[in-house]
Amino acid sequence: MSITVPPSIGVTMFSGNLRSSEELLKQADIAMYQSKTDGRNTLRFFDPEMQEIVTQRASLETDLREALEQRQFVVYYQPQVVGDGRYTGAEALVRWRHPQRGLVSPQDFIPLCEETGLILPLGHWVLETACMQLAKWAEKPGMDHLSIAVNVSANQFHQANFVDQVLAVLRNAGANPHKLTLELTESILVSDVENIIAKMSILKGHGVTFSLDDFGTGYSSLSYLKRLPLDQLKIDQSFVRNILTEPNDAAIAKTIISLSDSLSLRVIAEGGEIDAQKDFLARYGCHAFQGYLFSKPVPIEKFEQLLKSRHT
Ligand code: C2E
Ligand code: CA
Ligand code: CA
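Residues numbered from 1 in each chain as written. Chains lettered and ligands numbered in written order. Predicted model: local features only at pLDDT ≥ 70, side-chain atom pairs only at ≥ 80, totals over all residues. Heavy atoms only, no water.

1. A few points about a nonpolar patch on the surface
Item 1. Together, Ile-9, Met-13, Leu-43 and Phe-45 line one region of the surface with nonpolar side chains, adding up to about 400 Å² of accessible area.
Item 2. Inspection of the secondary structure assignment puts Phe-45 in strand 2 (residues 42-45). (Patch = residues over 30% accessible without salt bridge, like charges linked within 9 Å, V, L, I, M, F, W, Y side chains within 5 Å. Areas by Shrake-Rupley, 256 points an atom, 1.4 Å probe, with all protein chains shown as cover. Salt bridge = Lys/Arg side-chain N within 4 Å of Asp/Glu carboxyl O. Helix = DSSP H or I, 4+ residues; strand = E, 2+ residues; numbered from the N terminus.)

Now the structure itself:
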């Protein structure tokens with residue numbers, strides 16, 4: 001029997017100013033992890049930038065744990081509208097109000113949250129916040145029709161008790177499940193589709209709806225798409241951005257619209273910034289939008305102001 005062992009090798013060099021052996025081993029270790037990251041079966045030399053990245057990550061992780069305890073996160077809401085500009089609801093998008101760095105974009109901390117598992121408590125908190133908001137809106141005339149879409153990461157969804165968590169959050173908040181949409185991405189679909197369908201079906205039975213986010217950017221098997229109890233496809237902003245100039249992006253957007261139609265799914269376009277993009281999409285049958293054209297994600301007070309100014 002032959003066994004192949006692809007090595008990942010980290011090397012560090014020193015001359016003259018000899019540091020402690022621990023320090024040298026740590027540097028070689030960092031370089032070794034870099035060669036693993038770079039695809040294994042390779043060799044990397046330590047370079048101080050690697051150390052810098054590791055140190056920054058470690059401090060970001062500490063900051064994120066503190067941020068959760070100290071409630072430094074805040075949910076922003078981006079309007080979702082239909083054709084004439086009428087608000088139907090919002091997508092909940094998390095922000096980090098960092099005491100020194102100001103408002104930090106999720107792109108700068110969600111990936112690390114995913115790696116460290118912090119996405120579980122953070123995602124749960126976003127869901128709670130959104131459901132409490134739904135319960136408040138239900139009491140306010142002119143706002144009781146609004147729904148909220150919450151992003152659910154693959155790690156969150158794959159927790160064994162995910163369904164119970166969502167139902168408990170809805171119950172505790174006193175929110176109407178019919179007003180809650182969970183946004184999933186295609187990355188959820190890589191394994192165990194039966195289990196995914198089972199989880200979605202239970203939640204759907206309680207009224208929760210599902211949207212497939214960033215549609216068209218990942219790997220999606222059309223046969224899965226048919227079997228999943230979805231309600232909506234979300235056309236990714238990368239297609240919307242160039243819809244007027246790139247025939248391929250326009251063709252993909254049109255295909256997603258007609259696909260939604262044939263599968264009896266609703267469709268919403270994300271990232272529209274100008275009227276012409278919206279008009280193009282509307283011409284092909286997409287009448288729901290979420291983009292800077294209507295509003296960027298904003299704090300809740302601002303969202304409610306915008307809503308009132310549109311509807312009065
Ligand atoms: P996403 O779920 O695809 O959310 C849409 C992103 O597109 C938001 O970025 C939104 O601000 C941006 N966007 C919407 N319309 C436009 C437009 O017209 N032009 C441009 N340039 N951008 C537009 P944001 O808020 O920075 O969020 C980035 C990503 O972070 C989200 O992408 C989502 O993947 C992740 N994220 C945010 N909040 C959460 C959360 O609570 N849980 C999880 N798991 N992920 C989240
Ligand atoms: Ca989303
Ligand atoms: Ca998206």
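2. Describing the domain arrangement of the protein
Item 1. Each domain of the protein was delimited in the assignment, giving domain 1 (8-61) and domain 2 (72-310).
Item 2. For domain 1 and domain 2, the distance between their C-alpha centres works out to 39 Å. (Domains from an automatic or database assignment.)

3. Some points on the environment of Phe-303
Item 1. Mapped onto the elements of the fold, Phe-303 is located in helix 12 (residues 300-311).
Item 2. With relative accessibility at 0%, the residue Phe-303 sits in the buried group.
Item 3. Each C-alpha atom, one on Phe-303 and one on Ala-160, is 34 Å from the other, the two residues being 143 residues apart in sequence.
Item 4. Apart from residues no more than four positions distant in its own chain, Phe-303 is found in contact with Tyr-77, Gln-78, Pro-79, Tyr-87, Gly-89, Ala-90, Trp-137, Leu-146 and Val-298. (Buried < 20%, exposed > 50% of the residue type's maximum accessible area, 1.4 Å probe, protein only. Contact = heavy atoms within 4.5 Å.)

4. Considerations on the nonpolar core
Item 1. If you look at the biggest cluster of nonpolar residues, it comprises 80 residues, and the most contacted ones within it are Leu-180, Leu-182, Ile-235 and Leu-281.
Item 2. Looking at which element gives the most residues to this core, the answer is helix 4 (residues 119-138), with 9 residues.
Item 3. In contact with Leu-180, other than residues within four places in its own chain, are Leu-127, Cys-131, Leu-134, Ile-148, Val-150, Val-166, Leu-170, Val-208 and Thr-209. (Core = buried A, V, L, I, M, F, W, Y, C linked by side-chain atoms within 4.5 Å.)

5. Focus on the coordination of the calcium ion (ligand 2)
Item 1. For the calcium ion (ligand 2), the protein coordination sphere consists of Glu-91 (OE), Asn-151 (OD1), Glu-183 (OE) and Asp-213 (OD), at 2.1 to 2.3 Å.
Item 2. Ordering the donors of the calcium ion (ligand 2) by residue number gives the pattern E-x59-N-x31-E-x29-D.
Item 3. Separating the calcium ion (ligand 2) and the calcium ion (ligand 3) is a distance of 4.1 Å, and Asp-213 donates to both of them. Separated by 122 residues along the polypeptide, Glu-91 in strand 4 (residues 86-98) and Asp-213 in strand 8 (residues 209-215) bring together distant segments of the chain. Across the pair, Asp-213 and Glu-91 agree in class, each one buried. (Donors = N, O, S within 2.8 Å, 3.2 Å for Na, K, Ca; no water.)

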